[in-house]
Amino acid sequence: MSEQEIKVPDLGGADEVEIIEIIVSEGDSVAEEDPILTVESDKASVELPAPAAGKITKITVKVGDKVKEGDVIGMLSASGDAGGSDDAEEDKSEEKAEEKSEARSEDSKPAPKKKKSGGSRTEVVKVPSLDGFDDVPVIEINVSEGDTVGEDDPLVTVESDKATMEIPSPYAGKVGKILVKEGDKLSEGSDLLEMTIEDDGEDEEEAADSGDSAKAESQASKPEKKDSKPEAAPQPQGSTYEPPAPGTKVHAGPAVRKLARELGADLTRVKGSGPKGRIIKDDVHAYVKSQLQQAQQGGGVAVGSGIPGVKLPDFSQFGEIEREGMSRMMAATATNMQRSWLNVPHVTQFDDADITEMEAFRKGQKAAGEKRGVKMTPLPFLLKACAAALAELPQFNVSLDMERKEVVRKKYIHIGIAVDTPHGLMVPVIRDVDQKGLWELAAESAELAQKARDKQLKPAEMQGACFTITSLGGIGGTAFTPIVNTPEVAILGVSKASMKPVWDGKEFQPRLMLPLSLSYDHRAVNGADAARFTNLLTQLLGDIRTLLL
Ligand code: COA
């Protein structure tokens, strides 16, 4: 065994790079070419490999240090055993080439195609030299159409086997059409995006030289840039499980990305503790550990909710049992119900509608229904009344985008109907309820309910609802608290109508009363509006002529 210095290798022209992660510890055994630390230049991060197989005896640098080619970063007691794979030599040459590509100089900027137009010109920005790398996948698009960028601002990030590289903007200007998407493979000369560059009366060289001032300006005027998203992106630890924002930026080196891929960790959900919020390997390990702990505590159910799960006892100690797997539909319904219950602060508003006259009218339609081959049940009246209430109180016809802190208002009225089937609950959707008549709604709801029972519903027939009606009226009960079918914000439960004595100011009258239970998302809807909604329903159902108004 001989002790040797570990030196920073050729950085392909980059002067100084910052150490952003130390991957090994003193005492660790490494194979030749194993990554020992990660450095980052302005444009890319790269792993520096062990020069030989052996034991790391000393590390003389720390995270944040700046190093350049030839600097000693530690000591290695070489074992003389190559230890690595046969691919090591090949990898090494690839890595060298890559280091060069990361540290490429300014003069490697592409010669763009130009389309002149008045005081501005449009350039098609192309992929610069990738120093021998071809077909490198895009892992992130750092800009959006319409963004103002400065010269050298990163446009897209690509990732080869060993390193991530940001392709910088060769100009200051406004991003036009983006010609690539995540996952596309790029090579030198590939079209990247169109960019509009203001000429301002200068000649082209002057315009290119004006990058710095445009950069400063663009930095002040680009609050929408995707770079600002990581802080807004939810972290799963201790919060409700939410998908990350599309385009959430991940700052991580290739080794970390590789580790995340191996462990199945979604890096957009991992909080980085490295410099500038960079994700390091410890962060990935901590994230995976926390997910496993939550899964264990939650019995694998309430992951991310922070709510302790229900531990199951051994039921067989109490008597005979048998187990059977859940159907896919049951498992999906369970997940949806739990997701809604955990995410939505539910409140339920109750009311009774006097449907004495409505029922008299409905029953009077029996012969007409037989002629049409359609049965008129209370459901079409409920659909019509709910559509009118959604139009009158549009705060019920919304979804909440908590990620972007926006309310999505819908200009259409599609209503889902919960259907009880032998294989589970299904919710087909009737579109444009406000534009349909009672017979049409009766026919369509009967047809969709039958399709649900026959497992014939297409996915499109179960999507797009603004609101749901769940009617247990044909079965029984006086009231219940339905669970909102997220991302809708309200659901109407209907129980069995029954004759009740109702005081008319002089005496009690026997009236047919229909119990209504409106559950709503209290983030979107306040209690007074919920009372207005059920109030309106009782008026509309109490005198169905008002549905025509
Ligand atoms: N009060 C009293 N009777 C009612 C009623 C109510 N609120 N709603 C319906 N009925 C009557 C109907 O008039 C009909 O009686 P009739 O044959 O004497 O005319 C009978 O109950 C059966 O009606 P139904 O076939 O259920 O038709 P519908 O149009 O009212 O309901 C569905 C259709 C699809 C909603 C219904 O079949 C269904 O599946 N309901 C269950 C939904 C569910 O499981 N929800 C729970 C989700 S957690």
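Reading the values: the criteria
The residue numbering used here restarts from 1 in each chain and proceeds along that chain's sequence as written. Only residues with pLDDT of 70 or above have their local features reported here, since the model is predicted, and side-chain atom pairs are shown and tallied only from 80 upward, although totals for entire chains, interfaces and linings are computed over all residues. In computing side-chain properties, one takes all heavy atoms of the structure into account and sets aside hydrogens as well as water. We count a stretch as a helix when DSSP gives it H or I for four or more residues in a row; a strand needs E for two or more, and each element gets its number in order from the N terminus. Working definition: with a 1.4 Å probe on protein chains only, accessible area under 20% of the residue-type maximum means buried, over 50% means exposed, and in between means partly exposed. Here, residues are in contact when the closest pair of their heavy atoms is within 4.5 Å. To measure how exposed things are, a 1.4 Å probe is used in the Shrake-Rupley method; for residues, cover is taken only from the protein chains shown. Between the N-to-C directions of two axes lies an angle of 0 to 180 degrees, each axis being a line fitted to C-alpha atoms and, for a helix, fitted only over the stretch in contact. Definitions for this section: a left-handed crossing has its near helix turned counterclockwise from the far helix by less than a right angle. A right-handed crossing has that turn clockwise. Note on residue categories: nonpolar means Ala, Val, Leu, Ile, Met, Phe, Trp, Tyr, Cys or Pro, charged means Asp, Glu, Lys or Arg, and polar means any other residue, Gly included. Near is defined per residue: the residue qualifies when any heavy atom it owns lies within 4 Å of the molecule or strand. Pairing of N or O atoms within 3.5 Å defines a polar contact, subject to two protein rules: one partner must be a possible hydrogen donor and the other a possible acceptor, and residues neighboring in sequence count only if both atoms are side-chain atoms.

## Digging into the overall build of the protein
Next, step 1: Helix and strand counts for the protein stand at 12 helices and 28 strands.
Next, step 2: Here the protein, with 549 residues, has 43% of them falling under the buried criterion.
Next, step 3: Excluding contacts between residues fewer than 6 apart, the proportion of contacts in the protein whose partners are at least 24 apart in sequence is 64%.
Next, step 4: Total accessible area on the protein is roughly 28,800 Å²; 50% of this is exposed by carbon and sulfur atoms.

## A closer look at the packing of helix 10 (residues 378–392) against helix 11 (residues 438–453)
Next, step 1: It is the contact of helix 10 with helix 11, at a shortest axis distance of 9 Å, that shows an interaxial angle of 115°. As helix 10 packs across helix 11, the resulting crossing turns out to be right-handed. Between helix 10, through Leu379, Pro380, Phe381, Leu383 and Lys384, and helix 11, the contact on the second element is made entirely by Leu438, Leu441, Ala442 and Ser445.
Next, step 2: Residues belonging to the contact of helix 10 with helix 11 are distributed by class as follows: 7 nonpolar, 1 polar and 1 charged.

## Some remarks on the site of the ligand
Next, step 1: Inspection of the region around the ligand gives 21 residues, with Lys375, Thr377, Asp420, Thr470 and Ala497 positioned closest.
Next, step 2: Side-chain polar atom of lysine 375 to an oxygen atom of the ligand: 2.7 Å apart, as the coordinates give it.
Next, step 3: Between an oxygen atom of the ligand and a main-chain N or O atom of aspartate 420, the distance comes to 2.9 Å.
Next, step 4: For the ligand, whose free accessible area comes to 940 Å², the fraction covered by protein is 68%.
Next, step 5: Of all elements in the fold, only helix 10, strand 22 (419–421), helix 11 and strand 25 (467–471) reach the threshold of two or more residues within the shell around the ligand.
Next, step 6: Its residues assigned to classes, the shell around the ligand comprises 10 nonpolar, 6 polar and 5 charged.

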